[in-house]
Amino acid sequence: MRVLLLVLLLHPIQKVCTEVKLPPYHLSNCVQSMVVVLQQSTTIKFSQKDLKEVHINYPDAWQMRQQNDPRIKGVVYNLVRRGIATEVNINELQAGDIVQFWNESWGHCGIAKGANYPKRLLWLYSSMPSTNFSLRSFPFPDEFYACRIKKQFLK
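No experiment lies behind these values; they were computed from the predicted model shown.

Peer 1: Where do I start with the packing of aromatic side chains in this structure?
Peer 2: Here a ring pair, both rings aromatic, is described through the centre-centre distance and the interplanar angle of the planes. For the structure shown, the criterion picks out five aromatic pairs. Plain terms: the ring middles of W106 and F138 are 6.4 Å apart, the flat faces sit at 45° to each other, and that makes the pair tilted. Of this pair, W106 sits in the loop between β2 (98–102) and β3 (107–116) while F138 is found in strand β5 (residues 132–139), placing the two residues 32 residues apart along the sequence. Look at W106 and you get partly exposed, because its relative accessible area is 32%. Judged by its relative accessible area of 3%, F138 is buried. We note R71 situated over the ring of Y58; from NZ or CZ to the ring centre the distance is 4.7 Å. Between R82 and the ring centre of F46, over which it is positioned, the NZ or CZ distance is 5.5 Å.

Next comes the structure, spelled out in structure tokens:
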């Protein structure tokens, strides 16, 4: 158990989340912060097409959610489609996993720190207007998507 805990604490993505100083939210929203963390802790590169997918930059994004279009998974969709990560469900979530979620009227992405299943809370490193980039808890969302980056892409 101690070895597993040590591995989770030393996960390169988690390490960057605790060390990186990202700009305030109005200069770097949750997706932009995610891209910075991934670029600093992995070997992943993002093309313009990738960034469009990660940002879920589609004029009909709300319709896409209603139609269960896989592109609504944003960064999870992009990394899994490219073979960089494997999709995981909320019960498999580990520290360092990449998360995109949606509630009734808003979406968010971040890097998992963990989950408290009895309390139905999700802990994420992410950027929010009220907290900038920080560790924050969220109630379990309506729609949840996550992926785990394959080891060969971690620095």
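Peer 1: What exactly am I supposed to notice about unusual backbone geometry here?
Peer 2: Excluding glycine, a negative phi dihedral is what most residues carry, and trans is how most peptide bonds are arranged. Its identity as a non-glycine residue notwithstanding, I56 has a phi of 50°, on the positive side. Structurally, the position occupied by I56 is in the loop between α4 (48–54) and α5 (61–66). With a phi angle near 55°, N68 is a residue other than glycine that sits in the positive phi range. Of note, N68 is situated in the loop between α5 and α6 (75–81).

Peer 1: So what exactly am I meant to see when it comes to helix α3 (residues 30–41) here?
Peer 2: Along an α-helix, residues three or four positions apart point the same way, because every turn accommodates 3.6 residues. With twelve residues, α3 should reach 16 Å at 1.5 Å per residue; the first-to-last C-alpha distance of 16 Å fits that figure. Within α3 the residues assigned to the buried category are C30, V31, S33, M34, V35, V37, L38 and S41. The N-capping residue of α3, defined by a side-chain oxygen 3.0 Å from the backbone nitrogen of V31, is N29.

Peer 1: Whenever I open this one, the nonpolar core confuses me. Can you help?
Peer 2: One finds I13, L38, V75, L79, I98 and I149 to be the most contacted residues of the largest nonpolar core, which totals 30 residues. Every element with two or more residues in this core is listed here: α3, α5, α6, β2, β3 and β6 (143–149). Examining the composition of this core, we find that six residues originate from one element, α3, more than from any other. When sequence neighbours within four positions are dropped, the list of residues in contact with I98 reads I13, M34, L38, V75, V76, L79, G110, I111, Y145, A146, C147 and I149. With 13 residues, the next largest nonpolar core counts F101, L124, M128 and F144 among its residues.

Peer 1: Just to check I follow, could you spell out the side chain of T42 for this structure?
Peer 2: Note on placement: T42 falls in the loop between α3 and α4. Judged by relative accessible area, T42 falls into the buried class, the value being 1%. From its side chain, T42 meets the backbone oxygen of L38 in a polar contact 2.4 Å long. Excluding residues that lie within four positions of it along the chain, T42 makes contacts with I13, I149, F153, L154 and K155.

Peer 1: What's the story with the sheet that holds β3 in this structure? I'm lost.
Peer 2: Within a beta sheet, neighbouring strands are joined by backbone hydrogen bonds and run either parallel or antiparallel to one another. Sheet architecture is open: six strands sit in the order β1-β6-β2-β3-β4-β5, paired in antiparallel fashion. Bordering the open sheet on either side are β1 (85–88) and β5, each of which pairs with just one other strand. Averaged over all neighbouring strand pairs, the angle between strand axes comes to 35°, with direction disregarded. Against the sheet, α3 engages β2, β3, β4 (121–128), β5 and β6, with an angle of about 60° to β3.

Reading the values: rules and limits
The written sequence of each chain sets the order in which its residues are numbered from 1. Side-chain atom pairs in this predicted model are given and counted only at pLDDT of 80 or more, local residue features only at pLDDT of at least 70, and totals for whole chains, interfaces and linings cover all residues. Values shown for side chains rest on all heavy atoms present in the structure; no hydrogens or waters enter the calculation. Stacked, tilted and edge-to-face are the three classes applied to pairs of Phe, Tyr and Trp rings, where Trp contributes its six-membered ring and a pair requires centres within 6.5 Å; stacked means planes under 30 degrees apart, edge-to-face means over 60, and tilted covers the rest. Secondary structure follows DSSP: runs of H or I at least 4 residues long count as helices, runs of E at least 2 residues long count as strands, and numbering of each begins at the N terminus. Relative accessibility under 20% of the residue-type maximum defines a buried residue, over 50% an exposed one, and the middle range a partly exposed one, all with a 1.4 Å probe and only protein chains included. In this scheme, the term charge over a ring applies when either NZ of a lysine or CZ of an arginine sits within 6 Å of the ring centre and within 35 degrees of the ring normal. The span you would expect from a helix comes to 1.5 Å times its residue count less one. For the purposes of these results, a polar contact is taken to be a pair of N or O atoms within 3.5 Å, where, inside protein, one atom must be able to donate a hydrogen and its partner to accept one; residues adjacent in sequence count only when each atom of the pair is a side-chain atom. Definition used in this section: a nonpolar core is a set of buried Ala, Val, Leu, Ile, Met, Phe, Trp, Tyr and Cys residues joined via side-chain atoms within 4.5 Å. When checking whether two residues touch, look at their non-hydrogen atoms; a contact exists if any pair is within 4.5 Å. Here a strand pair is declared whenever DSSP counts at least two bridges between the two strands. All axes here are fitted lines through C-alpha atoms, helices being fitted over the stretch that makes contact, and every angle between N-to-C directions spans 0 to 180 degrees.

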